Amino acid sequence: MNALFSGTMMCLTFLLLGCEQQQDVKKLGLVYCTESAPDTFNPQLESSVNAIAVTSRHLYDRLIEIDPVTQQLIGGVANKWQISDDGLRYQFDLRKGIHFHKTDYFKPSRNLNADDVMFSFERVLNAEHPLYQLAEGEYPFFNNIGFGNNIREFNKLSDSRVEFVLKHPDAAFLANLASDYAVILSAEYADKLQQKNQLGLLDQLPIGSGPFYFANQRKDHFIRYYRHWLHWRGAPPMQQLVFDITPTSSIRLAKLLTGQCDIMAQPAANQLEVLKERDDLLVSVQSGLNVSYLAFNTQKPPFADVRIRRNVAGLIDKQRILDSVYLNTAEIADSMLSPSSWAYRYQARSPNKDQQVYPYIEKAKQTPIELWVLNESKSYNPQPHKTAELIRNDLVNDGYTVNVTLLDWAVLRRYLLSPSVNYDMLLVGWSTDNSDPDDFFRQQFSCDAVEQGYNYSRWCNGQFEQLLDDAISSTRLADRVRNYYQIQKIIETDVPVLPLTHALKMYSYSNSLNGITWNPYGGVSFNNAYRK
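Okay, so let's go over this structure. Every chain is numbered independently, its residues counted from 1 as its sequence is written. Restriction of local features to residues with pLDDT of at least 70 applies here, the model being predicted, together with a cutoff of 80 or more for giving and counting side-chain atom pairs; totals for whole chains, interfaces and linings are based on all residues. To obtain the side-chain values, all non-hydrogen atoms of the structure were used and water was disregarded.

Put simply, DSSP H or I for four residues or longer makes a helix, DSSP E for two residues or longer makes a strand, and each gets a number counted from the N terminus. Broken down by element type, the protein carries 20 helices and 22 strands. For this measure, only C-alpha atoms enter the radius of gyration; the expected value for a globule follows 2.2 Å times N^0.38, where N is the number of residues. For the protein, the C-alpha radius of gyration of 24 Å lies close to 24 Å, the compact-globule estimate for 532 residues. Viewed in the frame of its principal axes, the protein has a C-alpha envelope of about 75 × 65 × 40 Å. In this analysis, two residues are considered to be in contact whenever any of their non-hydrogen atoms come within 4.5 Å of each other. Of all intrachain contacts in the protein linking residues separated by at least 6 positions in sequence, the fraction that spans at least 24 positions is 69%. To be clear on the numbers: accessible area is Shrake-Rupley with a 1.4 Å probe, and residue cover counts the displayed protein chains and nothing else. By element, 48% of the accessible surface of the protein is carried by carbon and sulfur atoms, the whole surface being about 21900 Å². Only four residue types enter the charge count, namely Lys and Arg as positive and Asp and Glu as negative; His and the chain termini do not. The atom standing in for a charge is NZ when the residue is Lys, CZ when it is Arg, CG when it is Asp and CD when it is Glu. Across the protein, the centroid of the 52 positively charged side chains sits 2 Å from that of the 59 negatively charged ones.

A pair of strands is treated as paired once DSSP finds two or more bridges between them. Overall, antiparallel pairing links the 4 strands, which are arranged β4-β5-β7-β6 in an open sheet. Of all the strands in the sheet, just β4 (78-83) and β6 (151-158) have a single pairing partner and so form its edges. Taken pair by pair, the neighbouring strands of this sheet meet at an average axis angle of 15 degrees, ignoring direction. Bridging between strand β5 (residues 89-94) and strand β7 (residues 161-166) involves 5 bridges; their strand directions are antiparallel. Counterpart to phenylalanine 92 in the pairing with β7 is valine 162. Sheet strands in contact with helix α5 (residues 114-125) are β5, β6 and β7, and its direction is about 165 degrees off that of β6. Here an angle of 0 to 180 degrees is reported between the N-to-C directions of two axes, which are lines fitted to C-alpha atoms, with helices fitted over the stretch in contact.

The peptide bond linking proline 301 to proline 302 adopts the cis configuration, its omega dihedral lying at 5 degrees. Tracing the sequence through the fold places proline 302 in the loop between β13 (290-296) and α12 (306-315). Although it is not a glycine, asparagine 197 adopts a positive phi angle of roughly 60 degrees. Looking at where asparagine 197 falls in the secondary structure, it is placed in the loop between α9 (187-195) and β8 (212-218). Throughout, exposure labels follow a simple rule: accessible area from a 1.4 Å probe, protein chains only, divided by the maximum for the residue type, with under 20% read as buried, over 50% as exposed, and the rest as partly exposed. Accessibility expressed as a relative area gives 73% for asparagine 197, which makes it exposed.

This paragraph deals with the state of the cysteines. Only a pair of cysteine sulfur atoms within 2.5 Å qualifies as a disulfide here. This structure, assessed with the given rule, holds 2 disulfides. The side chain of cysteine 33 participates in a disulfide bridge whose partner is cysteine 261; the two sulfur atoms lie 1.7 Å from each other. Within this pair, whereas cysteine 33 is found in strand β1 (residues 29-34), its partner cysteine 261 is found in the loop between α10 (249-257) and β11 (263-265), the two being separated by 228 residues in sequence. The exposure class of cysteine 33 is buried, given its relative accessible area of 0%. Residue cysteine 261 is classed as buried on the basis of its relative accessible area of 3%.

In summary, the side chains of a regular strand alternate between the two faces of the sheet. The element β13 is largely enclosed, with a buried count of 7 among its 7 residues. Burial of the side chains of β13 extends over both faces: Asn290, Ser292, Leu294 and Phe296 are buried on one face and Val291, Tyr293 and Ala295 on the other. Pairing geometry for β13 and strand β18 (residues 497-510), over 4 bridges, is antiparallel. Within the sheet, the bridge partner assigned to leucine 294 lies in β18 and is leucine 498.

Residues belong to one nonpolar core when they are buried, are Ala, Val, Leu, Ile, Met, Phe, Trp, Tyr or Cys, and are joined through side-chain atoms within 4.5 Å. Membership of the largest hydrophobic core comes to 74 residues, with the highest contact counts inside it found for Leu63, Phe92, Phe121, Phe164, Tyr225 and Phe526. Ranked by residue count, the leading element in this core is α5, at 6 residues. In contact with leucine 63, other than residues within four places in its own chain, are Gly75, Gly76, Val77, Ala78, Phe92, Leu94, Val117, Phe121, Phe164, Leu177 and Ile184. With 36 residues, the next largest nonpolar core counts Ala343, Tyr380, Leu426 and Leu467 among its residues.

As structure tokens, then:
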């Protein structure tokens, strides 16, 4: 490809941005080809890990943060915090001099203070709050973990101090506050929008205090941020950050190879050889806290019967899925938790296929099984359609009939919230939001999560619930580990889901970039990124 053709292609591809503007981005910033656009710019309302990676760490700050290298909690908006001896009171002292974004649509008159922290969480906790009602109470992360159920009081102690008072000790509380969802918004901005009867714009024209601020977008095509010069950690080296929304992996690769993107998310396994041949490109590979799995609908036949779940689970060839779909970019999952989790329990035994033909199995084979598939490439499963076909073939070979239905997330989400859910099996996955196992188990397997539509197996187990609550009530790590081991054993025995794989997280990027930080829970930070 000659230079003229390459340059022409770059300008044509970036026609939406303008060729001159695209060249400015290459000089003063970077272009990141990512899989999906957010539905909202407020992470409190978002449920997609891929989408939230476009907003949270770039636009907002949180009370506390998780260091991406050490995995330890560090100060964010709060520079220090205290926990009472009984584990019920959490007081946070706020930093001074934190500036909110100044944009064409909002000019802040003050710095961040306790009113902003109070506002950010009250809209999630208070059912009478106008923004809670505007969102119809849909705060996926907070609802799934039962965040509000354990808050007795939430108080402003001074302009620079806030306090949470819990009903019961919660060892995961700080990790939840450090998640991508627990962002701090501007109360002043909300007040001005409310005066104009435009409160809904708060989540679409964002104002935060993060390292970048929102400039403009074209829906599902690109999003542009500019550098926040007054960020309290110092202004980022990059002046512009552009997210090129490119769902198809092959197109992301083409844009990276022609220089239209500086970094691409999640290259496909079969693209790695092409990338390795390029001296100007690098590939980052990390263990991911994720899992791809098959969920059995335990609230309807045939999978209300644990014997059928065990039988079907034993038929599925995980090694073939690994070889055909991931090409050595994942590992077989013997537990829902990734081996990189501190609560991981190795399980040498997986559900075995019944060796004899029992009447209950024969009866199950008489009715077609409806297998629904989230038909979107994800970091935990790059080819869900192919995975589903491999599963279908394994079951058909044993006499089952399987119908595969492919659904995008919006349609699937609507179906999952319906009172009557018609799938028998659902091929999905999960990427955790923080390092605490409570986040992983509670959002996917708690009884409350059934109603929220995120417990895909619709499985509710009283012993599991008690162990889960006991785990977060203890301050002793040994007690928590023991409980999580038992939780994994219950899932292994009752088989509400069959874990399939833990995928590696991969990015490819120009070797001219330095200072990129890879978040183990998803997304990339460009706060310190710069060109050589």
